[in-house]
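If you want the building blocks of each chain, they are given just below.
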Amino acid sequence: QVQLVESGGGLVQAGGSLRLSCAASGRNRRNYAMGWFRQAPGKEREFVAYINWSSSSTYYAPSLKGRFTIDRDNAKNTVYLQMNSLKPEDTAVYYCAARATPSYSGSYASYDYWGQGTQVTVSS
């Protein structure tokens, strides 16, 4: 029903910025909330950010709030993650996910559709 494709990852030096994009397509897209997650090798998948359809509600992992910003452009069917002041510990594969239930969740198991991920590498 929903296909998600991430882009914008790459190699950046510590202190730099990246802007990730997640393009959505398919049916029943309109009412989905969106989230960003990340996973580094040997680590658990962790919540990064959440945004509802209207952009009236956002949530962030406490350690990331202030550095990362989630937003969306529904006319373009795209969700973004602006990442500033990047640190080596931000290195991970970043995934976008869609959630049909219109409420906040930071649990990966609560999301219904997933992209394939985009690699972000932050060098020291």
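Refer to the preceding data block for the structure.
Attention here is on the structure that accompanies the text.

### Quick notes on the pairing of strand S8 (residues 78-83)
- Most of S8 sits inside the fold, with 6 of its 6 residues counted as buried.
- By the alternation rule, side chains of S8 split into Thr 78, Tyr 80 and Gln 82 and Val 79, Leu 81 and Met 83, which are all buried.
- In this sheet, S8 lies alongside strand S3 (residues 18-26) in antiparallel orientation, the contact comprising 6 bridges. Paired with Ser 21 across the strands is Tyr 80, a residue of S8.
- Pairing of strand S7 (residues 68-73) with S8 involves 6 bridges; the strand directions are antiparallel. Within S8, the residue paired with Asp 71 across the bridge is Tyr 80.
- Connecting the antiparallel pair S7 and S8 is a turn made up of 4 residues, with Asn 77 showing a positive phi of about 55 degrees.

### Quick notes on the environment of Lys 65
- By the secondary structure assignment, Lys 65 is in the loop between strand S6 (58-60) and S7.
- Looking at Lys 65, the relative accessible area reads 64%, which means it is exposed.

### Comments concerning the nonpolar core
- Grouped together as the largest cluster of nonpolar side chains are 36 residues, with contacts concentrated most on Leu 4, Trp 36, Leu 81, Met 83 and Tyr 94.
- Within the residue set of this core, elements represented by two or more residues are strand S1 (2-7), S3, strand S4 (33-39), strand S5 (46-51), S7, S8, strand S9 (92-99) and strand S11 (118-123).
- Those residues in contact with Tyr 94 that sit more than four places away from it in its chain are Glu 6, Leu 20, Trp 36, Phe 37, Arg 38, Val 48, Phe 68, Leu 81, Met 83, Gly 117, Thr 118 and Val 120.

### What to know about the pairing of S9
- Burial of S9 is extensive: 6 of the 8 residues sit out of reach of the surface.
- Here S4 runs beside S9; their pairing, made up of 7 bridges, is antiparallel. The partner of Ala 33 across the bridge, within S9, is Arg 99.
- Relative to strand S10 (residues 113-114), S9 is paired through 2 bridges, and the arrangement is antiparallel. What sits directly across from Ala 97, in S10, is Trp 114.

About the cut-offs
Residues numbered from 1 in each chain as written. Predicted model: local features only at pLDDT ≥ 70, side-chain atom pairs only at ≥ 80, totals over all residues. Heavy atoms only, no water. Buried < 20%, exposed > 50% of the residue type's maximum accessible area, 1.4 Å probe, protein only. Helix = DSSP H or I, 4+ residues; strand = E, 2+ residues; numbered from the N terminus. Pairing = 2+ DSSP bridges. Core = buried A, V, L, I, M, F, W, Y, C linked by side-chain atoms within 4.5 Å. Contact = heavy atoms within 4.5 Å.

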